[in-house]
Each structure stands twice: as structure tokens, then as C-alpha cells.
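Here is what each chain is made of, one letter per residue.
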Amino acid sequence: MYIEKYLARIGYKGSHEKHDLETLTAIFQHHIRAVPFENLSILCGEIITLDLDQVYNKIVRKKHGAYIYNLHQNTYASHMTHLLLKVDIDDRTYILDGGFGVSYQIWQPMELISGKDQPQTPGIFRFTENNGTWYFEKTRRKQYVPNQSFSNSDLLERSECRKIYLFSLEPRTIRDFQFLCTYLQTSPDSLFTKKSICSLQTTDGFQALIGWTLIETTYNYKDNTDLVEFTNLKDEEVEKTLKDKFSITLERKFVPINLKGLKSFLVA
């Protein structure tokens, strides 16, 4: 493995020798704006393993996205399905999560402090701790959807919090996730077999292709409200959009899928 090739893949040209928060944040932000959150490979029939060589080949050589194990929906998962990074710098502990995508993606390392609001460009995030279990939440934001025929304001109250996931600080290894990695790629109950997802953070928001729908979000467009624009694509427009918007060229035939609605991805 060559760290220089990874840094070139994410477009980071600064020094990576300093072990400080500024360097960590810079590399992290380059990563989330270069490496899409996506499950397109598995929908093209490619089985993804957690082997380091294959992950390196997928992200650095093929320029695809990182594989995430699961997304929080209406209840917490009954099994451990997501992996976080814990980093200690100058006697402070930070959590990094570069693989959650869409509006739930943090843009900066978050200090591990219970009950403290931590504002970032995407919104206000916080951790809360109870008897060794940590909860990760985000305050919902207002959204403006041009030319939209329905109102979803009842889902977007700023005073409400969106529960994202819970976790513990018990160390884990890749081996702990091997079974679920296979299950979530093959089970008919898995989100990743029901919905094609490709999401990438931008300098002022994020863009996502879910099924045939391109979603482009600009944070704090006006009056603390996010602008959310939808474009429904035709079959022949999907591959070009993946290449132009996400720098992804698939080696196998890709057919979008969206067996459920978009609601769980829009509530921010």
C-alpha cells in the first residue's frame, strides 16, 4: 500500500506528517469530497470483501466509493453494522466517520463529549452517552424544494433531532464485520439490495443519485434553509451522470433500483 497514491486519489497535496487536528481535518474533508458513498459495485454483481487489498483497489485504483455496512432507518439495528475511527490528539478524543453519506455525513472530526452541540456546515451534531453507550444525533434542518407539489415541513422541524446510530468504544477488528458484510450484500432485506445509492459531498452540500433520482443539496442556501433539487433521469442518462458528477465508470452493466421511497435520505 502506498499512502501517496491514496492522498493523490483524494486530491490532498499538503503534508501528512503532522499528527494534529488541522491535518486530520484537511485529509478527512478531501476524502469525503473525493470518495463516494455507494453500493453500485455490488448491484453490478461484484462481491465486496473487507480485505485491505480489495478495498485499496476499489477506492484508489478504480476510483469507486467506500463500502458502508448499513444506514440507520427508523430503529437502531439489532447487530453491529458500522465501523468508526477513534483518534486521540493532544489528550482529546475525536470520532471520524467518512462513510455515512448524504445529509448525515459529518465534515469535521467530532470531539467525543456527551451532550455538547457541535455545529458544522451540514448542521448541528451531538453525542450523548448513557451507561457506556454513545448515541449520535443531528438536529433536523429546514429544506426548500423548488417546484415541489407537496409539503414535508412536518418532517423538518429544527427543534427535533434525528437519531442516526449508537455505538460503544469497545475496540473491534475487521473480522467482527465479515459476516454482516456478506449478509448486507446478499439479503433481500438489506437496504443495499433494495436501493442503488451514490452520494458525494461537495464544497457547499452534497449530491446523491438514488435510483433514477439525482438529488443536489446546497446547505444554508438562505435563512438557515437548505436548497434541495431533484432531477429524474432517464436510463441513458444514469451512466453519464455517474461519470460527470461522481467520477465513476462502471465495468459492468448497471441498472438502478429503488424499491422504497426517498424519505429516509431527505430528513436532515
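Please read all numbers here as calculations on a predicted model, not as lab measurements.

The rules behind the values
Residues numbered from 1 in each chain as written. Predicted model: local features only at pLDDT ≥ 70, side-chain atom pairs only at ≥ 80, totals over all residues. Heavy atoms only, no water. Pairing = 2+ DSSP bridges. Helix = DSSP H or I, 4+ residues; strand = E, 2+ residues; numbered from the N terminus. Axes fitted to C-alpha atoms, helices over the stretch in contact; angles between N-to-C directions. Contact = heavy atoms within 4.5 Å.

S.K.: Can you break down the sheet that holds strand E6 (residues 123-130) residue by residue, with the values?
M.R.: A sheet is described by the order of its strands in space; here 4 strands give the open sequence E5-E6-E7-E9, paired in antiparallel fashion. Because the sheet does not close on itself, it has two edges, and the strands there are strand E5 (118-120) and strand E9 (161-167). Neighbour to neighbour, the strand axes of the sheet diverge by 25 degrees on average, direction disregarded. In this structure, strand E7 (residues 133-139) lies alongside E9, joined through 6 bridges in antiparallel fashion. Across the sheet, residue phenylalanine 136 finds its bridge partner in E9, namely tyrosine 165.

S.K.: Please set out the sheet that holds strand E10 (residues 197-201) residue by residue, giving values where relevant.
M.R.: As summarised here, the arrangement of the 6 strands in space is E1-E10-E11-E12-E13-E8, forming an open sheet in which the pairing is mixed. For this open sheet the edge positions go to strand E1 (37-38) and strand E8 (142-144), each flanked by a neighbour on one side alone. Sheet contacts for helix H7 (residues 235-246): E10, strand E11 (205-210), strand E12 (213-222) and strand E13 (225-232); angle to E11, the most-contacted strand, approximately 155 degrees.

S.K.: Tell me about the pairing of E13, residues and numbers included.
M.R.: Both E8 and E13 contribute to a ladder of 3 bridges, which runs parallel. The residue of E13 that forms the bridge with lysine 142 is threonine 225. Here E12 pairs with E13 via 7 bridges, running antiparallel. What sits directly across from threonine 213, in E13, is asparagine 232. Here E12 folds back onto E13, and the loop between the two strands holds 2 residues, one of which, aspartate 223, carries a positive phi near 50 degrees.

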